[in-house]
Amino acid sequence: MASVIIKPAYLRCVVRTGRLISEHWTRNTLYAGRSYATEGDNRAPKIYTKTGDKGFSSTFTGERRPKEDHIFEALGSTDELSSAIGLAREFCLDKGHTFTYQLDKIQCILQDVGSNIATPRSSARESHIKKTTFTAQPIADLENWIDKFTDELPPLTNFILPSGGKGSAALHLARTVCRRAERSVAPIVRTGEADPDVAKFLNRLSDYLFTAARYAAMKDGNEETIYKRPDST
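Residues numbered from 1 in each chain as written. Predicted model: local features only at pLDDT ≥ 70, side-chain atom pairs only at ≥ 80, totals over all residues. Heavy atoms only, no water.

S.K.: What's the story with the side chain of arginine 65 in this structure? I'm lost.
M.R.: Mapping arginine 65 onto the fold places it in strand β2 (residues 64-66). Accessibility expressed as a relative area gives 13% for arginine 65, which makes it buried. Not counting residues within four places of it along the chain, the set of residues in contact with arginine 65 comprises Gly55, Phe56, Ser57, Thr59, Ile71, Phe72, Pro120, Ser122 and Glu193. (Helix = DSSP H or I, 4+ residues; strand = E, 2+ residues; numbered from the N terminus. Buried < 20%, exposed > 50% of the residue type's maximum accessible area, 1.4 Å probe, protein only. Contact = heavy atoms within 4.5 Å.)

S.K.: Could you clarify how one ought to interpret the pattern of salt bridges in this entry?
M.R.: Think of it this way: side chains of opposite charge can pair up when their charged atoms draw near. Under the defined criterion, the tally for this structure stands at 14 salt bridges. The closest approach of N and O atoms between arginine 89 and aspartate 104, which form a salt bridge, is 2.4 Å. On the criterion of sequence distance, the pair formed by arginine 89 in helix α2 (residues 70-94) and aspartate 104 in helix α3 (residues 100-117) is long-range, its members being 15 residues apart. Note on aspartate 104: relative accessible area 13%, which makes it buried. For lysine 105, the salt bridge is made with aspartate 141, and the minimal N-O distance between the two is 3.1 Å. Taken as a pair, lysine 105 in helix α3 and aspartate 141 in helix α5 (residues 137-152) lie far apart in primary sequence, 36 residues in all. Since its relative accessible area comes to 22%, lysine 105 is described here as partly exposed. Exposure remark for aspartate 141: the relative accessible area of 18% places this residue in the buried category. (Salt bridge = Lys/Arg side-chain N within 4 Å of Asp/Glu carboxyl O.)

S.K.: Is there a simple way to think about the packing of aromatic side chains in this case?
M.R.: When we look at a pair of aromatic rings, we describe it by the centre distance and by the angle of the planes. Taken as a whole, this structure holds 7 aromatic pairs when the rule is applied. Ring centres 6.3 Å apart and planes at 80 degrees place the aromatic pair tyrosine 101 and tryptophan 145 in the edge-to-face group. A residue pair is termed long-range when its members are at least 10 positions apart, and tyrosine 101 in helix α3 and tryptophan 145 in helix α5 qualify at 44 residues. Chaining the aromatic ring pairs together yields one cluster made of Phe99, Tyr101, Trp145, Phe149, Tyr208 and Tyr215. (Phe/Tyr/Trp six-rings, centres within 6.5 Å; stacked < 30°, edge-to-face > 60°.)

S.K.: Just to check I follow, could you spell out a nonpolar patch on the surface for this structure?
M.R.: Taken together, Phe159, Leu161 and Tyr227 make up a surface patch of nonpolar side chains, about 350 Å² in accessible area. Considering the arrangement of structural elements, one finds tyrosine 227 in the segment after β4 (225-226). You can call tyrosine 227 partly exposed: its relative accessible area is 40%. (Patch = residues over 30% accessible without salt bridge, like charges linked within 9 Å, V, L, I, M, F, W, Y side chains within 5 Å. Areas by Shrake-Rupley, 256 points an atom, 1.4 Å probe, with all protein chains shown as cover.)

S.K.: What is the right way to look at α2 in this model?
M.R.: Side chains three or four residues apart in an α-helix point the same way, a direct result of the helix having 3.6 residues per turn. Compared with an ideal rise of 1.5 Å per residue, which puts 25 residues at 36 Å, α2 spans 37 Å between its outermost C-alpha atoms and is within 8% of the ideal. One side-chain oxygen at the N-terminal end of α2 lies 2.8 Å from the backbone nitrogen of isoleucine 71; it belongs to aspartate 69. Positive phi appears at glycine 96, one or two residues downstream of α2, with a value of about 75 degrees. (Expected span 1.5 Å × (residues − 1). Polar contact = N/O pair within 3.5 Å; in protein donor to acceptor, adjacent residues only side chain to side chain.)

S.K.: What is the right way to read the packing of α3 against α5 from this model?
M.R.: Relative orientation and spacing of two packed helices are given, respectively, by the angle between their axes and the distance between those axes. It is the contact of α3 with α5, at a shortest axis distance of 12 Å, that shows an interaxial angle of 155 degrees. Comparing their axes, α5 and α3 come out roughly antiparallel. Handedness of the crossing formed by α3 with α5: left-handed. From α3, Tyr101, Gln102, Lys105, Ile106 and Ile109 reach across to α5, where they touch Pro138, Asp141, Leu142, Trp145 and Phe149. (Axes fitted to C-alpha atoms, helices over the stretch in contact; angles between N-to-C directions. Parallel < 35°, antiparallel > 145°, perpendicular 65-115°, else oblique. Left-handed = near helix turned anticlockwise from the far one by under 90°.)

Set out below in structure tokens:
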């Protein structure tokens, strides 16, 4: 029988995600004023709650805000970023890249980023802040990984275009989504509603994704497309 090895970082992600899901359902039950199961009913809660049908949603602190609020725009961009990284990860797994565990960990950290964004400080109690504080350690991890990739990569002497194979191109796409997520988070951090390290993490993550894209192309033996100024004649 084949054995399955679960990396500690991935296991932590599973546990943390399960806890957040549990909190999500508990919170919806509290704020929606209804429960999802009757006594003796062990069925799983429904995925739809109907609480957002009128264009409003809840923050972790219980606030009801319109869905176009900066908080939910940033949450949506962060969620999209995690999905883009997940797609890139699948391409990289197909090629047997050894750095996919880093992408696993990054997706887990993006869950923590989302938790911090969803907890605006203006309405947060100490208990909320304690659960969702974002630390600088993930930023240091990204910088360490970037440095290790860079040690193996040839010097960058030209502008490159997103290219280098499916894995590389998908990582470049994730990088552009990351930039958008960073732009959406910036005003929230600037007003003191989210931790500054969240913005720093996203800024460093885009650098990581760029470097990882180049690294994937190199390991796959694919050439990166160099920018050339179109002939004006």
